[in-house]
Amino acid sequence: MTEKERKLKLGSAQIRLETLKMLKWRGYGHLGGAMSIVELLSVLYNEVLKYDPERPDWTDRDYVVLSKGHSGPSLYAALALHGFFDKEWLYTLNEGGTRLPSHPDRLKTPGVDATTGSLGQGTSVAAGLGMALRLEKKASDQRVYLIVGDGELNEGQCWEAFQFLAHQKLHEVIVIIDYNKRQLDGRLEDIISPFDLKGKMESFGFRVLPADGKNENSILEALTEAKQIEDSAVCVLLDTVKAQGVPYYEDKDDSHAPKFDEKARQALDEVIERLEKFVEEGGGQNVDSSR
Ligand SMILES: Cc1ncc(C[n+]2csc(CCOP(=O)(O)OP(=O)(O)O)c2C)c(N)n1
Ligand SMILES: [Mg+2]
């Protein structure tokens, strides 16, 4: 394992750990969709994004639009771990007066670039941010990373925004689809089939880069390639599992926003214990720090 791989795996473990501790403390929450973007968040915040936690409104930063806003908890864990605010804030999730509402609010939380939660809307916000970057002719390596759910794609607004991105060849926005094959109350195939998602995005004019959303290297490779594309709209299609990393909930129908009973709490404790050990050990052995 290279030093970079170790750092990214450790980052994923930390984000998953902090998110699960927070949700377990709360007693319920959007576990499934928060878990399927953990590896993505680790790659973004450890390796890809340009940001400064001391200046969350720095205009030269990269932007993150979590359009599937219900996955706020893992974004909050990533932001806390990367210095935007104190980890203690995590234990105010969803409380009256909190700065961490269940869905992200850019006026409440340092590091949150867009207020989201009403599915579909983040796609248009990201398109606007991307166009603003282009019009302002800012640093050419600046990007907007838009994270969209596969169930969220049921919203027509996504496809309106995608048409705009493709027409404008707005490579300033990197669309990342969390293809976890499930939405709120079941499998996409049983509710509204996405059909061939890759082909669909391509037919809308996108370059589509598939990646394994459970594998940090694969995500990093796809995002690196996505950043090099400048003559087309670009989409990274992440193959993920809803609730990934939490075996008790992986691929279960009720993983979307469970309330934890005794059995679930025990299952969470097992994962938390394993992750704590992994983090204490520094994220794995046999690190080849030369690469
Ligand atoms: C406009 C709108 N309609 C309905 C909802 C309720 N809702 C919240 S999450 C969700 C399912 C989203 O599925 P997906 O995008 O696949 O999310 P993930 O699997 O990543 O959790 C729905 C219907 C909403 N937040 N906004
Ligand atoms: Mg989904």
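Residues numbered from 1 in each chain as written. Chains lettered and ligands numbered in written order. Predicted model: local features only at pLDDT ≥ 70, side-chain atom pairs only at ≥ 80, totals over all residues. Heavy atoms only, no water.

(A) Local environment of the confidence of the model for the protein. For the protein, the average pLDDT comes to 96, and 97% of its residues sit at 70 or higher. Taking the mean pLDDT of every element in the protein, the minimum, 96, falls on strand 5 (residues 186–187) and the maximum, 99, on strand 3 (residues 173–179). Within the model, the stretch residues 286–291 combines pLDDT values under 50 with eleven contacts to residues more than four positions away or in other chains. (pLDDT = per-residue confidence, 0-100. Helix = DSSP H or I, 4+ residues; strand = E, 2+ residues; numbered from the N terminus. Contact = heavy atoms within 4.5 Å.)

(B) Representation of the packing of helix 5 (residues 121–136) against helix 6 (residues 156–167) in the model. Look at helix 5 against helix 6: their axes get within 7 Å of each other, and the N-to-C directions meet at 20°. The angle between helix 5 and helix 6 falls in the class roughly parallel. Taken as a pair, helix 5 and helix 6 cross one another with a handedness that is left-handed. Two secondary-structure elements touch here, helix 5 through Gln-121, Thr-123, Ser-124, Ala-127 and Met-131 and helix 6 through Gln-157, Cys-158, Ala-161, Phe-162, Phe-164 and Leu-165. In terms of residue class, the contact of helix 5 with helix 6 is made up of seven nonpolar, four polar and no charged. (Axes fitted to C-alpha atoms, helices over the stretch in contact; angles between N-to-C directions. Parallel < 35°, antiparallel > 145°, perpendicular 65-115°, else oblique. Left-handed = near helix turned anticlockwise from the far one by under 90°. Nonpolar A, V, L, I, M, F, W, Y, C, P; charged D, E, K, R; others polar.)

(C) Structural detail: the site of ligand 1. For ligand 1, the set of nearby residues contains 18 residues, the closest of which are Lys-68, His-70, Asp-150, Gly-151 and Lys-242. A distance of 2.7 Å separates an oxygen atom of ligand 1 from a polar atom in the side chain of Asp-150. Separating an oxygen atom of ligand 1 from a side-chain N or O atom of Lys-242 is a distance of 2.8 Å. Its free accessible area being 600 Å², ligand 1 has 77% of it covered by the protein chains. Class assignment of the residues belonging to the shell around ligand 1 gives a composition of two nonpolar, nine polar and seven charged. (Near = heavy atom within 4 Å. Polar contact = N/O pair within 3.5 Å; in protein donor to acceptor, adjacent residues only side chain to side chain. Areas by Shrake-Rupley, 256 points an atom, 1.4 Å probe, with all protein chains shown as cover.)

(D) Structural detail: the pairing of strand 7 (residues 233–239). Here strand 7 lies mainly inside the structure; six of its seven residues are buried. Pairing of strand 6 (residues 206–212) with strand 7, which is carried by seven bridges, proceeds in the parallel orientation. The residue bridging Asp-212 from the neighbouring strand is Asp-239, located in strand 7. (Buried < 20%, exposed > 50% of the residue type's maximum accessible area, 1.4 Å probe, protein only. Pairing = 2+ DSSP bridges.)

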